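Residues per chain are reported as follows:
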Amino acid sequence: MSRNAALFAVMCLVWGLTWLPVKVGAAHVPPVFLAAARFSLAGLLMLLWAGRDVGKVPAGAWPRLIVTALLLNTGNYTLLFWGTAHAPSGLAAIVNFATIPIFTLLASRAIAGEPIDGRKLVAIGLGTVGLAFLFATRALGGLSSAQGDPLEALALAAVAAGTLLYCTGAVLARPIAGAMPTLTLAGWQTLIGGIGLTAVSLALEPVTSADLARLMTWPVLPAVIFLIIGGSLMGFTIYMRLLRDWGAFRAGLYAFVSPAIAVAVGVAALSEPFGWSEAVGALLMFGAAAIALKRPGRERA
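Residues numbered from 1 in each chain as written. Predicted model: local features only at pLDDT ≥ 70, side-chain atom pairs only at ≥ 80, totals over all residues. Heavy atoms only, no water.

### Observations concerning the overall build of the protein chain
A count of helical and extended segments in the protein chain gives 15 helices and zero strands. The C-alpha radius of gyration of the protein chain comes to 19 Å, within 12% of the 19 Å expected for a compact globule of 301 residues. In terms of its C-alpha atoms, the protein chain occupies a principal-axis envelope of roughly 55 × 55 × 40 Å. Sequence-distant contacts in the protein chain: of pairs separated by 6 or more residues, those separated by 24 or more amount to 89%. Summing over all exposed atoms, the protein chain offers an accessible surface of approximately 13400 Å²; the carbon and sulfur share of this is 70%. (Helix = DSSP H or I, 4+ residues; strand = E, 2+ residues; numbered from the N terminus. Rg over C-alpha atoms; globule rule 2.2 N^0.38 Å. Contact = heavy atoms within 4.5 Å. Areas by Shrake-Rupley, 256 points an atom, 1.4 Å probe, with all protein chains shown as cover.)

### Observations regarding the environment of valine 129
Mapped onto the elements of the fold, valine 129 is located in helix H6 (residues 118–139). A sequence separation of 159 residues divides valine 129 from alanine 288, and the C-alpha atoms of the two residues are 9.5 Å apart.

### Notes on the nonpolar core
Side chains that are nonpolar tend, in soluble globular proteins, to be buried together. In this structure, Met11, Phe81, Ile94 and Tyr254 are the most contacted members of the largest nonpolar core, which totals 63 residues. Leave out the neighbours within four places in its chain, and isoleucine 94 touches Thr99, Leu134, Pro259, Val263, Phe274, Ala282, Met285 and Phe286. Among the nonpolar cores identified, the runner-up in size contains eight residues, and Val57, Ala61, Leu65 and Ala69 belong to it. (Core = buried A, V, L, I, M, F, W, Y, C linked by side-chain atoms within 4.5 Å. Buried < 20%, exposed > 50% of the residue type's maximum accessible area, 1.4 Å probe, protein only.)

### As for the environment of isoleucine 176
When you line up the elements, isoleucine 176 lands in helix H8 (residues 152–177). A sequence separation of 118 residues divides isoleucine 176 from proline 58, and the C-alpha atoms of the two residues are 8.9 Å apart. When near neighbours in sequence (up to four residues on either side) are disregarded, isoleucine 176 contacts Ala61, Arg64, Leu65 and Leu185.

### Digging into the environment of glycine 196
Structurally, the position occupied by glycine 196 is in helix H9 (residues 182–204). Classification of glycine 196 by relative accessible area gives buried; the value is 12%.

### Digging into the pattern of salt bridges
This structure, assessed with the given rule, holds five salt bridges. A salt bridge links aspartate 245 to arginine 244, with the nearest nitrogen and oxygen atoms 2.7 Å apart. One salt-bridge network, in which partners are shared between bridges, spans Arg241, Arg244 and Asp245. (Salt bridge = Lys/Arg side-chain N within 4 Å of Asp/Glu carboxyl O.)

### Comments concerning unusual backbone geometry
Cis geometry marks the peptide bond from tryptophan 218 to proline 219, where omega comes out at 0°. As for its placement among the helices and strands, proline 219 is situated in the loop between helix H10 (209–214) and helix H11 (220–246). In the Ramachandran plot, serine 271 falls in the positive-phi region, its phi being about 55° despite a non-glycine side chain. Along the polypeptide, serine 271 turns up in the loop between helix H13 (254–270) and helix H14 (276–293). When its relative accessible area of 61% is taken as the criterion, serine 271 is described as exposed.

### As for the packing of aromatic side chains
Applying the stated rule across the entire model yields eleven aromatic pairs. Measuring from ring centre to ring centre gives 6.2 Å for phenylalanine 256 and phenylalanine 286, while their planes differ by 65°; the resulting arrangement is edge-to-face. Taken together, the residues span a long stretch of sequence, with phenylalanine 256 in helix H13 and phenylalanine 286 in helix H14 at a distance of 30 residues. Above the ring of tyrosine 77, the side-chain terminus of arginine 38 is found at 5.8 Å from the ring centroid. Positioned above the aromatic ring of tryptophan 246 is the side chain of arginine 250, whose terminal nitrogen or guanidinium carbon lies 4.0 Å from the ring centre. (Phe/Tyr/Trp six-rings, centres within 6.5 Å; stacked < 30°, edge-to-face > 60°. Lys NZ or Arg CZ within 6 Å of the ring centre and 35° of its normal.)

### Examining helix H2 (residues 19–26)
A large share of H2 lies buried, amounting to six of its eight residues. What H2 keeps buried is the set Trp19, Pro21, Val22, Lys23, Gly25 and Ala26. Buried residues belonging to H2 abut helix H1 (3–17), helix H3 (31–50), helix H4 (62–86), helix H5 (89–112), H11 and H13.

Following this line, the structure appears as structure tokens:
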């Protein structure tokens with residue numbers, strides 16, 4: 001196995017495992033508060049890691065940097081952490097990872113005017129049908145609805161909405177992505193997003209001094225540490241290297257591996273339900289993501 005292939009495996013494993021600490025941590029502290037702690041600390045560490053590059057932000061880039069940070073991290077992770085707290089972590093991972101390529105197509109069309117050809121329309125349609133299968137059991141009051149949280153369907157819809165905000169922010173960030181070092185951009189976006197998450201948590205959640213104390217206790221502390229080191233620092237660093245060495249298509253294949261890991265861990269560790277409807281929906285959504293990620297032969301050449 002090559003070094004990059006080994007790194008890819010580590011990245012898939014880490015990002016597949018991050019859903020478990022989100023679920024576990026959110027059972028002990030408010031979910032948006034948990035996200036605020038993760039991204040505020042991760043942002044500070046990224047900027048420290050950036051070193052002298054921390055100030056390499058063009059003056060005119062700040063407005064777009066702030067807006068994209070609020071979309072990518074504040075809006076997205078407010079909905080994602082709240083959704084994961086009320087839905088099976090494996091299904092939340094499927095909704096998140098598998099819809100990123102599809103929502104990116106839609107955001108690119110709406111913002112940048114990029115055309116949507118027949119192949120992309122098939123991807124969007126297939127992904128929509130896949131989502132319908134994921135929600136079918138809950139809508140019919142079956143397996144997952146009977147055993148899970150009554151807010152489960154709304155929670156998965158929140159994860160999807162958060163993913164759409166993430167993709168919108170990613171498209172809007174493209175014009176400034178080459179104007180500063182990657183770690184500087186990610187560090188500021190993460191820290192600003194963490195500040196925004198803190199504001200949302202204080203406004204909407206009953207955060208107390210006891211919640212602050214729980215951040216330093218089992219099992220919340222190891223959950224936060226894993227999310228910061230594994231999910232943010234390690235996963236991001238590996239992904240940036242693979243983008244450089246492999247390109248966006250091969251690096252983006254984690255979207256097919258990490259959700260499977262998240263589902264397996266959720267079923268094994270938390271006894272989360274996963275029936276035939278969820279399996280069909282997942283396969284359809286992965287197929288849609290594959291079509292969305294696929295590039296025409298001329299582009300590959």
